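# Coordinate inspection notes
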Amino acid sequence: MTGSYTLLAAVRRKELPTRLVLAAALAGIGYWLAPSVWPAAWFALVVVTQFADWAVYRGITREPDTRRTTVWVLATFASTAVYTSLGAYLWLAGGQAGQLFGMLISAGGLLHVTIHMHHVKSLLMAAALPHALVFFSMPLRGVLAGDVHMWALVAGAVMYVAHLLVAFRQANSTTRQLADERNRAEQASKAKSDFLATISHEIRTPMNAIVTAAHLLRGSRLNKAQREQVEILTDANDVLLSLLNDVLDLSKIEAGKMALEYADVDLRRTVQGLHRLWRPRAAAKGLELRLEMADDAPAAVSLDPLRLKQILSNLISNAVKFTQKGAVTIRLAAEARGDGEVLVFDVADTGAGIAPEAAERLFDAFEQGEAGTTRKHGGSGLGLAISRRLATLMGGGLGVESEPGHGSTFRLVLPLVRSVADTEAAPEDAAAGGEDALRNMEVLVAEDHPVNQRVLELLLAPLGCRLTFCEDGGKAVDLAAGRPFDAILMDMQMPVLDGLEATRRIKAGGGPNAGTRVIALTANALEHHRAAWAEVGVEAFVSKPIDAGQLVAALTRAATDAAVRQAA
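Structural notes, computed from the coordinates. Numbering of residues starts from 1 in each chain and follows the order in which that chain's sequence is written. Given that the model is predicted, a residue must reach a pLDDT of at least 70 before its local features are reported, and side-chain atom pairs must reach 80 or more before they are shown or counted; all residues, however, enter totals for whole chains, interfaces and linings. Water and hydrogen atoms were dropped before computing side-chain values, which therefore reflect all heavy atoms in the structure.

Attention now goes to the overall build of the chain. Helix and strand assignments follow DSSP, with helices taken as H or I runs no shorter than four residues and strands as E runs no shorter than two, numbered in order from the N terminus. If you tally the helices and strands in the chain, you get 19 helices and 12 strands. Only protein chains enter the calculation, and the probe is 1.4 Å; a residue is then buried if its accessible area is under 20% of its type maximum, exposed if over 50%, and partly exposed in between. Per-residue burial over the chain gives 42% buried out of 568 residues. Here the chain has roughly 28900 Å² of accessible surface; of this, 59% comes from carbon and sulfur atoms. The Shrake-Rupley method, run with a 1.4 Å probe sphere, supplies the accessible areas, and residue values consider only the shown protein chains as cover.

A few words now on unusual backbone geometry. We note that N440 has phi near 65 degrees; this positive angle belongs to a residue other than glycine. Along the chain, N440 turns up in the loop between helix 14 (434-437) and strand 8 (442-446). The residue V496 is not glycine, and still its phi comes out positive at about 70 degrees. Structurally, V496 is set in the loop between strand 10 (487-490) and helix 17 (499-508).

Where helices are involved, their axes are fitted lines through C-alpha atoms of the stretch in contact, as for all axes, and angles between N-to-C directions lie from 0 to 180°. Across the interface, helix 9 (residues 305-322) lies against helix 12 (residues 383-393) with an axial gap of 10 Å and an inter-helix angle of 145 degrees. Of the two elements, helix 9 crosses helix 12, and the hand of that crossing is left-handed. Note on element contacts: helix 12 touches helix 9 through G383, L384, I386, S387, L390 and A391, opposite R307, Q310, I311, N314, L315 and N318. Taken together, the residues of the contact of helix 9 with helix 12 break down into six nonpolar, five polar and one charged. We call a crossing left-handed when the near helix sits turned anticlockwise from the far one by less than a right angle, and right-handed when that turn is clockwise. By definition, residues are in contact when any of their heavy atoms lie within 4.5 Å. Classes in brief: Ala, Val, Leu, Ile, Met, Phe, Trp, Tyr, Cys and Pro nonpolar; Asp, Glu, Lys and Arg charged; the others, Gly included, polar.

Now for the sheet that holds strand 5 (residues 340-349). Here, a strand pair is defined by DSSP locating no fewer than two bridges between the strands. Taken together, the five strands give an open sheet; going across it, the order is 2-4-5-7-6, and neighbouring strands pair in mixed fashion. With partners counted over all chains shown, the strands left at the sheet margins are strand 2 (288-293) and strand 6 (397-402), one partner each. Mean inter-strand twist for the sheet, computed between neighbouring axes without regard to direction, equals 20 degrees. Pairing of strand 5 with strand 7 (residues 408-415) involves seven bridges; the strand directions are antiparallel. Counted as the bridge partner of L343 is L414 from strand 7. Most of the contacts of helix 9 go to strand 5, to which it runs at about 25 degrees, and overall it touches strand 2, strand 4 (327-337), strand 5, strand 6 and strand 7.

Here a cavity is any set of points on a 1 Å grid over the protein atoms alone where a 1.4 Å probe fits but cannot get out, and a pocket is any open set with protein on both sides within 12 Å along at least 5 of 7 lines; a residue lines the site when it has an atom within 4 Å of a point. Grid points are joined across faces, edges and corners, and a volume is the space filled by probe spheres set on the points. Counted as a void, the second largest pocket has a volume near 370 Å³. In terms of lining, the second largest pocket is formed by 17 residues, of which the most central are R19, L22, Y83, G109 and H112. Elements supplying a minimum of two residues to the lining of the second largest pocket: helix 1 (2-33), helix 3 (66-93) and helix 4 (95-116). When the residues that make up the lining of the second largest pocket are grouped by side-chain class, the tally is six nonpolar, eight polar and three charged.

What follows is about the nonpolar core. The term nonpolar core refers to a set of buried residues drawn from Ala, Val, Leu, Ile, Met, Phe, Trp, Tyr and Cys, joined through side-chain atoms within 4.5 Å. With 43 residues, the main nonpolar core has L267, L308, I316, L343, F345 and L412 as its most contacted residues. Sorting elements by how many residues they give to this core places helix 9 first, with seven residues. Those residues in contact with L343, other than ones at most four positions away along the chain, are L267, P298, V301, L303, L332, A333, L412, V413, L414 and L416. Among the nonpolar cores identified, the runner-up in size contains 24 residues, and A9, V134, V143 and F168 belong to it.

A few words on the packing of aromatic side chains. Any Phe, Tyr or Trp ring, taking Trp's six-membered ring, that has another such ring centre within 6.5 Å forms a pair; planes under 30 degrees apart are called stacked, those over 60 apart edge-to-face, and the others tilted. A full pass over the atoms with the stated rule returns five aromatic pairs. With a centroid separation of 6.1 Å and 55 degrees between ring planes, the pair formed by W38 and Y89 is classed as tilted. Taken together, the positions of W38 in helix 2 (residues 38-58) and Y89 in helix 3 put the pair 51 residues apart, joining distant regions of the chain. Classification of W38 as partly exposed rests on a relative accessible area of 29%. An aromatic cluster is defined as three or more aromatic residues linked by ring pairs; in this entry it consists of F135, F136 and Y160. Distance and angle both matter: a charge sits over a ring if NZ of Lys or CZ of Arg is within 6 Å of the ring centre and within 35 degrees of the ring normal. For the cation-ring pair, R388 lies above F363, with the distance from its terminal atom to the ring centre recorded as 3.8 Å.

Next up on the list: the side chain of E442. Take E442: it is sitting in strand 8. What makes E442 buried here is its relative accessible area of 17%. We call two N or O atoms a polar contact when they sit within 3.5 Å, provided that within protein one can donate a hydrogen and the other can accept it, with sequence-adjacent residues counted only if both atoms are side-chain atoms. Polar side-chain contacts of E442 include one of 2.6 Å to the side chain of R466. For E442, the contacting residues outside a window of four places in its chain are R466, R483, F485, D486 and A487.

Attention shifts here to the packing of helix 3 against helix 5 (residues 121-144). Two elements in contact, helix 3 and helix 5, have axes separated by 8 Å at closest approach and are oriented at 20 degrees. Overall, the two elements helix 3 and helix 5 adopt an arrangement that is roughly parallel. Considering how the two elements wind past one another, helix 3 and helix 5 form a crossing that is right-handed. When helix 3 is examined against helix 5, the residues T69, W72, V73, T76, F77, T80, A81, T84, G87, A88, W91 and L92 are found in contact with a partner set consisting of S122, L123, A126, A127, L129, P130, H131, V134, M138, P139 and R141. Tallied by class, residues from the contact of helix 3 with helix 5 come to 15 nonpolar, seven polar and one charged. Orientation categories follow fixed angle ranges, with anything under 35 degrees roughly parallel, anything over 145 roughly antiparallel, 65 to 115 roughly perpendicular, and all other angles oblique.

A side chain with one charge may pair with a side chain of the opposite charge, provided their charged atoms come close. Every case where a carboxyl oxygen of Asp or Glu lies within 4 Å of a side-chain nitrogen of Lys or Arg is listed as a salt bridge. This model, assessed by the stated rule, comprises 15 salt bridges. In this structure, R290 and E288 form a salt bridge, with 3.3 Å as the shortest nitrogen-oxygen distance. The partner of R504 in a salt bridge is E501, with the nearest N and O atoms 2.6 Å apart. Taken together, the residues span about one helical turn, with R504 and E501 both in helix 17 at a distance of three residues. Residue R504 is classed as partly exposed on the basis of its relative accessible area, which comes to 40%. Within the structure, one salt-bridge network assembled from shared partners comprises E15, R19 and D53.

Now the structure itself:
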């Protein structure tokens, strides 16, 4: 109901200028057919009633009560009655041409309201009734005066209205079908989101244990063969996590729920960091990874650093993957174009190149250059599709120039928004030295999965953290009410109370931990989960599988907050 009223109100408000222009034209024709003061007076009355109609419909923003509906019906009836009255005047005073034009005015009015007001039956009837009365009364008056030819007009009017009724029923049926299809699509989208959230949670939980075990093994005394086995385990987990993130990102983009988080970024340091990250992998294949940054390339810019790294990492990964010899070159430059300054990132390789017919297809989801690409090189075929859509979301674009046998160059173009603010320290910088800050830190861990509890113990106990575990949100609330903690690690899906409700109660309870930093530590990694955490005042979000550096950085900031609270 609400949607129908608001839709109709929006249409009525939008059409006001059109109705006034049309009324002015009708008044002019009316004066030409039947000169008198009446067409001018009619136009003045139309202006008054149309603005009254606009004022009434401007307030339609919710489902109306009976009083409001009555006001809207009366206003609609009055404005329509005034509008169609010109047809009656022309029938009486305009001769045969006036009679024909008067019928057309009423017929057009009936058609217009049937098309635009069929969403709300009460308002449709209020708008159609004045047009219909004038439409039928004009030829019926001729019949009563003894003109038998007017029966033909009466019959034509009946047939016309009958066709309008059929059109009305068809429009209503189509509208209902579209609404049903939309509801089914929304339900299917919600079901897919719920499914992806569940799968993400179930996959990330065991992955968390694998990553942590590999991280701890890497730090122990291993012989060469054992170290290689750990590296294989880590690489395989990275591939699995990349595939999972690709599927989740594509789902969020298709659902229109991908949110960008802009920040002030040291662009040169970001690109240099990517170069350092990928240089060993390129060297392992005998490739040279070059970095060329133009002198005019800015250092401080405002953009989404996570998505920029995601796009560039995908391009560099593909270049290294598909280049057998030679070099991969990363270029950064700034250019002035007609619509402003832009950042231009090139990733060029000396690989086999791409055929023209396959180049554009690369940016379609699940598409790769050749049928055997997945078997030979791996990947899901989602990386470039996601990268182009992310580039579009950021106001830019992603394309490719390639020629078989001469390599390929992928070009990312983004709007340049310069920043003069100091850029934030990278997570790894924030974590540097953070291990000392965690010594004797009191941490409440609300986590129901025994494996995840053990993982957190293995990661944090050696750093000196004193951990208190509980397996449901209700116990977390009770423990938080009993004594102060320096930080709280909170899972989302737990029995008794979920993490969101437990956090809400801890912060609203006014206890010793109302101001304690809560860190969401969960496998639920979709955007609406992050939004839900933000609504309850969560300061940090660490997704499973856990990145030890990010966790230490988050706890270090919590330790700093705790020290400030204690000093106060």
